Amino acid sequence: MDKNKEPSSREIAVLFTDVANSTEYFKKYGDDKGRNMLKTHVDLVSPYILAFDGFLLKTVGDSVMAYFNDPADALKAAICIQQTLRKFRTGKGDEEQIHIRIGIDYGKTLVEDGDIFGDVVNIASRLTDLSDIDGILISENVFS
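Residues numbered from 1 in each chain as written. Predicted model: local features only at pLDDT ≥ 70, side-chain atom pairs only at ≥ 80, totals over all residues. Heavy atoms only, no water.

Peer 1: I'm lost on the environment of D53 in this one. Help?
Peer 2: Looking at the element boundaries, D53 is found in the loop between α2 (31–51) and β2 (54–60). Counting along the chain gives 14 residues from D53 to Y67, while the straight-line C-alpha distance between them is 9.0 Å. For D53, the contacting residues outside a window of four places in its chain are F68 and D73. (Helix = DSSP H or I, 4+ residues; strand = E, 2+ residues; numbered from the N terminus. Contact = heavy atoms within 4.5 Å.)

Peer 1: Would you mind going over unusual backbone geometry with me for this structure?
Peer 2: The general pattern is negative phi for most residues beyond glycine and trans for most peptide bonds. If you check the backbone angles, N21 has positive phi at about 60 degrees while not being a glycine. Along the chain, N21 turns up in the loop between β1 (8–19) and α1 (22–29). Of the residues examined, N21 reaches a relative accessible area of 45% and is grouped as partly exposed. The backbone of D53 sits at a positive phi, close to 60 degrees, despite the residue not being glycine. Relative accessible area serves as the criterion here: at 55%, D53 is assigned to the exposed category. (Buried < 20%, exposed > 50% of the residue type's maximum accessible area, 1.4 Å probe, protein only.)

So this is what it looks like as C-alpha cells:
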C-alpha cells in the first residue's frame, strides 16, 4: 500500500453472491467436482457483472464480490444472474445444480488499493446470508 495515498470514499453498490449448501456439495461429490462447481458459478456470474458496468472485485471461497456505480445496475445484474442459473439448472441432475443467494447494499465505501471496505460491504454480505436460496435481498438504500 502506498503510505502517501489516502483511500478514496465514494458511493457504490456492493453485490455478493454465495453458493448455497456448498459445504454439503463438497462432502457429497468431492473436492474436484466442488471446485469445478465453484468455477462454473464464477463463469456464469461474471458476464452479467460486466454487462451492467460492474467490477468483479474478488472471489472468496464460494462467494463473488462485485461493485457497481449505480445500484439499479447491480439489481439488474442480480436478476439476470438468477434467471441464468434457473435456466442452467433445467434438466440437470443433483450433481450439476448450482443455487445461490445474492445480497446488495448501496452507500459510501472506502476504495483502496483495488479493494473496498466499510459498512456497505458488511451489510451486503449479511444480506446474502439472510437471502432465500435462489433469492436476491436488497437493502433499503438500494430500494430508495
